[in-house]
Amino acid sequence: MDTDKTDRPKAPGPRTPQAAPDTDLTSSGPDSPVSAAPDLDPATSPAEEDEEARLPDLPDQDLSEDVAAVAEGPLAVGHAAIENAVRLAPTSPGVYRMLNAANDVLYVGKAKNVRKRLSSYARVNAPQPARILRMIAATVTVEIISTTTETEALLLEANLIKQLKPRFNVQLRDDKSFPYILITGDHWAPQILKHRGAQSRPGRYFGPFASAGAVNRTITALQRAFLIRSCTDGFFESRTRPCLLYQIRRCAGPCTREIDFPGYTELVREATDFLSGRSHLVKQELAAEMEKASGELEFETAALYRDRLAALSAIQSQQGINPRTVEEADVFAIHQEGGYSCVEVFFFRTGQNWGNRAYFPRAEKSFTPEEVLAAFLAQFYDDKPPPKLILLSHEIEECELLAEALAVKAGHKVEVSVPKRGEKKEMIAHALTNAREALGRKLADTATQSRLLDGLATTLQLPHPPKRIEVYDNSHIQGTNAVGAMIVAGPDGFIKNQYRKFNIKSEGLTPGDDYAMMREVLQRRFKRLLAPPEGDAANDKAKADDESFPQWPDLVIIDGGRGQLNAVREIFEGLGLTQVSLLGVAKGPERDAGRETLFMPGREAIKLEPRDPVLYFIQRLRDEAHRFVIGSHRKLRKKDIREAGLQEIPGIGPSRKRALLMHFGTLKEIERASITDLGKVPGVSAESARKIFEFFHAQAN
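Fair warning: this is a prediction, and the values are worked out from it, not measured in the lab.

What the protein contains, in helices and strands, is 21 helices and 20 strands. Within the protein, the proportion of its 701 residues that are buried is 50%. Sequence separation of at least 24 residues holds for 69% of the intrachain contacts in the protein that already meet a minimum separation of 6. As displayed, the protein has an accessible area near 32600 Å², and 51% of this comes from carbon and sulfur atoms.

Now for the sheet that holds strand 4 (residues 141-146). Spatially, 3-2-4 is the arrangement adopted by the 3 strands of the open sheet, whose pairing is antiparallel. The outermost strands of the open sheet, each flanked by one partner alone, are strand 3 (105-111) and strand 4. Neighbour to neighbour, the strand axes of the sheet diverge by 20° on average, direction disregarded. Sheet topology note: the strand 2 (residues 94-99)/strand 3 ladder contains 6 bridges and is antiparallel. Among the inter-strand pairings, Val95 is bridged to a residue of strand 3, identified as Lys110. Packed onto the sheet, helix 2 (residues 114-122) meets strand 2, strand 3 and strand 4 and runs at close to 30° relative to strand 2. Most of the contacts of helix 4 (residues 150-164) go to strand 3, to which it runs at about 165°, and overall it touches strand 2, strand 3 and strand 4.

In terms of residue burial, strand 8 (residues 329-337) counts as a mostly covered element, since 7 of its 9 residues are buried. Here 9 bridges tie strand 8 to strand 9 (residues 340-349), and the two strands are oriented antiparallel to one another. Within strand 9, the residue paired with Asp330 across the bridge is Phe347. The turn joining strand 8 and strand 9, which pair antiparallel and follow one another in sequence, is formed by 2 residues; a positive phi near 60° is taken by Gly338. Pairing geometry for strand 8 and strand 11 (residues 389-392), over 3 bridges, is parallel. Counted as the bridge partner of Asp330 is Ile390 from strand 11.

Glancing now at the environment of Trp552. The residue Trp552 is located in the loop between helix 15 (536-546) and strand 17 (555-559) in this model. The class of Trp552 is partly exposed, set by a relative accessible area of 32%. Apart from residues lying up to four places away in sequence, Trp552 is in contact with Arg468, Phe526, Leu529, Leu530, Leu577 and Val580.

Further remarks concern the nonpolar core. Counting residues in hydrophobic clusters, the biggest one holds 38 residues, and the most contacted among them are Ile181, Phe226 and Tyr264. Looking at this core, the elements with two or more residues in it are strand 5 (180-184), helix 5 (212-226), helix 6 (233-238), helix 8 (261-275), helix 9 (279-295) and helix 10 (299-318). What Tyr264 contacts, discounting residues up to four positions off in sequence, is Ala189, Pro190, Leu227, Ile228, Arg229, Ala252, Pro254 and Ile259. If you look at the next biggest cluster of nonpolar residues, it comprises 33 residues, including Phe367, Leu373, Ala378 and Leu392.

Time to look at the environment of Asp623. Inspection of the secondary structure puts Asp623 in helix 17 (residues 613-644). In the structure, Asp623 is positioned 64 residues away from Asp559 in sequence and 9.3 Å away in space, judged by C-alpha atoms.

With that settled, the discussion passes to the state of the cysteines. Considering all chains together, one arrives at 0 disulfides under this definition. Sulfur of Cys243: no disulfide; nearest cysteine sulfur belongs to Cys251 and is 5.8 Å away.

Leaving glycine out, the prevailing phi sign among residues is negative, and the prevailing peptide bond configuration is trans. One non-glycine residue with positive phi stands out, namely Lys165, at about 50°. Lys165 sits in the partly exposed class, given a relative accessible area of 31%. A positive phi is found at Leu227, a non-glycine position, where the angle reads about 60°. Turning to its location among the elements, Leu227 is positioned in the loop between helix 5 and helix 6.

Another point: the sheet that holds strand 12 (residues 415-417). Hydrogen bonds between backbone atoms are what pair the strands of a sheet, whose relative direction is either parallel or antiparallel. In space, the 5 strands of this open sheet follow the order 10-9-8-11-12, with mixed pairing throughout. With partners counted over all chains shown, the strands left at the sheet margins are strand 10 (352-359) and strand 12, one partner each. With strand direction ignored, the average angle separating the axes of adjacent strands in the sheet is 15°. Contacts between helix 13 (residues 422-460) and the sheet are confined to strand 8, strand 9, strand 10 and strand 11, with strand 8 contributing the most and set at about 45° to the helix.

Our focus in this paragraph is helix 3 (residues 130-138). Burial analysis of helix 3 places 8 of its 9 residues in the buried class, the great majority of the element. Along helix 3, the positions that sit buried rather than exposed are Ala130, Arg131, Ile132, Leu133, Arg134, Met135, Ile136 and Ala137.

This paragraph deals with the side chain of Ser230. Within the fold, Ser230 resides in the loop between helix 5 and helix 6. Only 3.1 Å separates the side chain of Ser230 from the side chain of Gln223, close enough to count as a polar contact.

On to the pairing of strand 9. By the criterion of burial, strand 9 is predominantly enclosed, with 10 of the 10 residues buried. Where burial is concerned, the two faces of strand 9 agree: the one with Tyr340, Cys342, Glu344, Phe346 and Phe348 and the one with Ser341, Val343, Val345, Phe347 and Arg349 are both buried. With 6 bridges connecting them, strand 9 and strand 10 associate as antiparallel partners. The partner of Phe346 across the bridge, within strand 10, is Asn356.

Attention now goes to helix 11 (residues 369-380). Residues spaced three or four apart along an α-helix face the same direction, because each turn holds 3.6 residues. Along its 12 residues, helix 11 runs 16 Å from first to last C-alpha, staying within 8% of the 16 Å computed at 1.5 Å per residue. Packing partners of the buried residues in helix 11 comprise helix 4, strand 8, strand 9, strand 10, strand 11 and helix 12 (399-410).

So, how was this worked out
- Residues numbered from 1 in each chain as written.
- Predicted model: local features only at pLDDT ≥ 70, side-chain atom pairs only at ≥ 80, totals over all residues.
- Heavy atoms only, no water.
- Helix = DSSP H or I, 4+ residues; strand = E, 2+ residues; numbered from the N terminus.
- Buried < 20%, exposed > 50% of the residue type's maximum accessible area, 1.4 Å probe, protein only.
- Contact = heavy atoms within 4.5 Å.
- Areas by Shrake-Rupley, 256 points an atom, 1.4 Å probe, with all protein chains shown as cover.
- Pairing = 2+ DSSP bridges.
- Axes fitted to C-alpha atoms, helices over the stretch in contact; angles between N-to-C directions.
- Core = buried A, V, L, I, M, F, W, Y, C linked by side-chain atoms within 4.5 Å.
- Disulfide = S-S within 2.5 Å.
- Polar contact = N/O pair within 3.5 Å; in protein donor to acceptor, adjacent residues only side chain to side chain.
- Expected span 1.5 Å × (residues − 1).

Take a look at the structure:
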């Protein structure tokens, strides 16, 4: 979807174009994509590419369809509670919530006539699925919210389900905002960048894209094709000569007027036309310019147009299938297998395929594909703009109501349909194939993970395969910027939204005291669990229990040997923790992977064969914790360095500081420079260059 929020500013006077100067390749700037990756936390940035959500834990298995499967007493209590609600229920549209004795929301539903809908639950002898009978048996209270229309009730229901995560509803999991491409409109030389969140900055927004990776690849290709800058406005204004992107032909150099205002505006127009669906026209124009330059024997110019055409072709080849008759649509296909559901979503905008993503909503086995898909759609568009066309693999109830609700939300007509023939049917078939393959991969991965957990339980003599494993590690440099981290793994692999980092806060802590740092991390982690839940904490606990993913770990792994393990055991004994298994992983001689020694309290050391799958699994857990904590430490250290400037580097006074900044431009470029490059700065000796380099590249403990 293309959103235009441009308020184009006035351009400055153009500067005469000139030949590319002899540019210092080290001065490409902190915001140049080729000179630096985006300033993301290395501990969390890989998760952005992990687009497939983990499989949900299956709810309790369905009971028999027979009413006798539910105890008569509780079922009678539930029927009585619902009958009381029926007497006071309105006959108008609304949303109802069923609550249990602990005041937890069990189910959220909507109805055109609330009284009539609740009456269907109150009939004692009416045949109901076991899932509904269990819900009725647990119900002690029913709360009702009246709405003006059924459309309003549908939107409110979706919002409440996402917020409350009721036990008996279909739940959309791992939902997050989608990235867009933004061509800014608040500067005379527009910038191209990836954008998430509110579209408040002036400019043209193109999307959504299925993943950050799809956006990054597209932006890179667009830079090659249209030479639009990606640097920030601050970096742009400070330039006195072109950066590296200009030298490698990924930017037209508007910062130093290597291109004038009309020329750069034409490049932005071409990029906008391409993203708006007029790609064929843009390619025709570039091809014509290439032929013209070739005919005039301007072969370098012709080669530039040739490279730009190749970049555009690369974008379209990465997009896979591009429909001929569909300009803007979202395609949803659902596949069920093994008690799980997978919804594959494809995004088509401006006639181009902008990626796909697999979702694994949480739903009981008794839900049909149509029921899961209907509930999924309402929640999916709760915080996203719907396109003009939505194509589905299955017919859903209240299809017209959903279309009406989405039209109200979007401000334009929305069509929801199940195609029966033609290209749209082919798009659904393609999405169904991807849904089936995505669920197959997830089920295979889950089976492998299950075997590893079984093997871990056998090797370590645990009472049962662990559902939740927590791994802890610390990082610091001579006690500075100390940080601890916890990563979490379970039956579906790493659970990255459960990762936590702990900035070490203890006063009087001896620099480099790993035992004291670990003590602080574990005390902060487990004291919160030991404290009785109140308010929001109680709600969080209820949600965690409802997700069937425990808050308490079955196994805690420490990166360290017997001494580290004994220190952790003392901490646990002081906290009164006796049900959590402990494991210490000591590195092999010369830190050789594959020769680790495993330690557990009260047992002899365990040595596994280097090719043992369980040992490899433990190494993966340990290495993931190390990666996460190192990333957190580096981010904290870089922040401190930037705040303190160069004054903390031994032997660097005001004169050398000014010389370094004049030569490299920014602190980030000084950090990236090699010893040889640092030694070229006037006034910086070889020894000083070595000290500066070692300061920025010191290895964390």
